[in-house]
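The lines below spell out each chain.
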Protein chains: 2
Amino acid sequence: MPPEKQRRLTPAGKRVLDTASELFYREGLHAIGVEGIAQAAGVTKKTLYDCFGSKDDLIAAYLRNRDERWRSWLTGFVDRQGGAPSEKLLSTFDALAQWQQKENARGCAFVNALAELPDTANPGRAVIAEQKTWMLEYLTALASEASLPAPATVARRLFLLQEGALAAHGTGVPGDAMEFAKSTAAALVDTAHRIPDSGEGR
Amino acid sequence: MPPEKQRRLTPAGKRVLDTASELFYREGLHAIGVEGIAQAAGVTKKTLYDCFGSKDDLIAAYLRNRDERWRSWLTGFVDRQGGAPSEKLLSTFDALAQWQQKENARGCAFVNALAELPDTANPGRAVIAEQKTWMLEYLTALASEASLPAPATVARRLFLLQEGALAAHGTGVPGDAMEFAKSTAAALVDTAHRIPDSGEGR
DNA sequence: GGATAACTATACCGGTAGGTATATACGTTT
DNA sequence: AAACGTATATACCTACCGGTATAGTTATCC
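As the structure is a prediction and not an experimental result, all values here were calculated from the model.

Trainee: Would you mind showing me how to read the relation of the copies chain B and chain A here?
Mentor: Comparison of the two chain copies shows a relationship of rotation about an axis with a shift along it. Superposition record for chain B on chain A: RMSD 0.0 Å, screw rotation 180°, translation along axis 0.0 Å. Within this description, the copies of the chain are treated as partners about a two-fold rotation axis. Among all residues of chain B, the minimum C-alpha distance to the rotation axis is found for Gly164 of chain B, at 1.7 Å. When you check the interface residues of chain B against chain A, 100% turn up at the interface there too, and the contact is symmetric in its surfaces.

Trainee: Please explain helix α5 (residues 85-102) of chain B as it appears in this structure.
Mentor: Side chains three or four residues apart in an α-helix point the same way, a direct result of the helix having 3.6 residues per turn. Residues and elements named next belong to chain B. Taking 1.5 Å of rise per residue, the 18 residues of α5 would be expected to cover 26 Å, and the 26 Å separating its terminal C-alpha atoms lies within 8% of that figure. Taken as a whole, α5 has its buried residues at Lys88, Leu89, Leu90, Ser91, Thr92, Phe93, Ala95, Leu96, Trp99 and Gln100. At its buried positions, α5 is contacted by α1 (11-27), α4 (55-81), α7 (123-145), α8 (151-171) and α9 (177-191).

Trainee: Where do I start with the environment of Val111 of chain B in this structure?
Mentor: Considering the arrangement of structural elements, one finds Val111 of chain B in helix α6 (residues 109-116). Measuring from C-alpha to C-alpha, the distance between Val111 of chain B and Leu166 of chain B comes to 9.5 Å, with 55 residues separating the pair along the chain. What Val111 of chain B contacts, discounting residues up to four positions off in sequence, is Val111, Ala167 and Thr171 of chain A together with Lys132 and Glu163 of chain B.

Trainee: Can you help me understand the domain arrangement of chain A in this one?
Mentor: Frequently, the measure chosen for interface size is the accessible area removed from exposure when the parts meet. Residues and elements named next belong to chain A. Domain assignment breaks chain A into domain 1 (9-53) and domain 2 (60-192). Summarising the inter-unit geometry, the C-alpha centres of domain 1 and domain 2 are found 27 Å apart. Counting residues at the interface gives nine residues for domain 1, matched by 16 residues for domain 2. Where domain 1 abuts domain 2, roughly 1100 Å² becomes buried across the two surfaces, and 60% of that area is made up of carbon and sulfur atoms. Per-residue buried area on domain 1 facing domain 2 is highest for Ser21, Tyr25 and Leu29; these three make up 58% of the total on that side. Here domain 1 and domain 2 share six residue pairs in polar contact (both at pLDDT 80 or more) between them.

The rules we used
Residues numbered from 1 in each chain as written. Chains lettered and ligands numbered in written order. Predicted model: local features only at pLDDT ≥ 70, side-chain atom pairs only at ≥ 80, totals over all residues. Heavy atoms only, no water. Least-squares fit on C-alpha atoms with pLDDT ≥ 70 in both. Contact = heavy atoms within 4.5 Å. Helix = DSSP H or I, 4+ residues; strand = E, 2+ residues; numbered from the N terminus. Expected span 1.5 Å × (residues − 1). Buried < 20%, exposed > 50% of the residue type's maximum accessible area, 1.4 Å probe, protein only. Domains from an automatic or database assignment. Buried area = accessible area lost by both parts, 1.4 Å probe. Polar contact = N/O pair within 3.5 Å; in protein donor to acceptor, adjacent residues only side chain to side chain.

Here is the structure:
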């Protein structure tokens, strides 16, 4: 399947989405206004509203777009690295570290968005839940391929560790959160063979 | 030392701080305005500004206040539980779970605040850094008391795990993040005895 | 009884928020 | 040649933002 995932966006619409993605992540959802986004994208507010309808919908589109980029980056990275299934499980930590390095290191965009979207009815909330669910499932699938005795348990452990590493990388405490998370993950995978098999997994 | 930590606040000032604490955490820093806080506290805007000077300073006061409440809750909980040092290390996870249960379960207030305070010069940023640093040091001290071969390593591992559990509890994925984090911590402490001692720790 | 501190009430400031209206221009497509 | 989609420019709406100013009230302390 070619990367033809674009949601049929006009050139101006794409510019708005790209600009919004950067500004929302860097400045925060409430801190930047639609006027500022339109201006930075070289587009009038009218065009922005024609393409996205409302700010909340633009926020949801931003989260969806970021999730897509993250998924393709992550799966591409893991496939490129190759190696044994258990090594793939660990290389997700390298993918995360490099992703944060090329981005603005402000932690998890979805956790940050959640902090600004207390209303469960907000369209962005569903995207956030989807992103986290997908990530956990992806780790579970990798853990299954590695034929560990309790794949779902290992996956959840590594998932928690990644969430923590992302948050810690944002706050800067401890300074080496990313590398450190990987070594912890390695320790967890190593001891995973001793987890009693409770018949869980997929 | 008696709990005489109050920063000499007038009754109206205390009401403002309590109200702001709840609203900032529940709604978000930018989502609620000073007018709304003053109104909810039954106070005029003048009084609020006489007591706190600016919204940014009120935010910093909120974070400081919450950090103080958290520290005394955590240390009190751990001391009350008692047990062997390694059991104390694990009971921090119970403290965290119960803390989130009695609060509004919106994840870590400091991580959430960070998401809305991109400016490193904001007075709140220093409070966030302090909170995370203190927490890591507290875990390191407990790990030292447990005479584990590499206390700083175990502490950082558990720290990452707690950060992750907090974030995951906020997003709701996985559903049982809190209990699950504790069992993972138990596994980490259990294998900690096999960590090669690199002469670190305190 | 006079000063001081803690407070209320109200009105105001410039700026910006999200969102809408109207009218115009440029290409394609048909 | 007409119609449509994409975009522009500009002006406007109501509502609220953080913050300030002025004046008056209440209670306590010395």
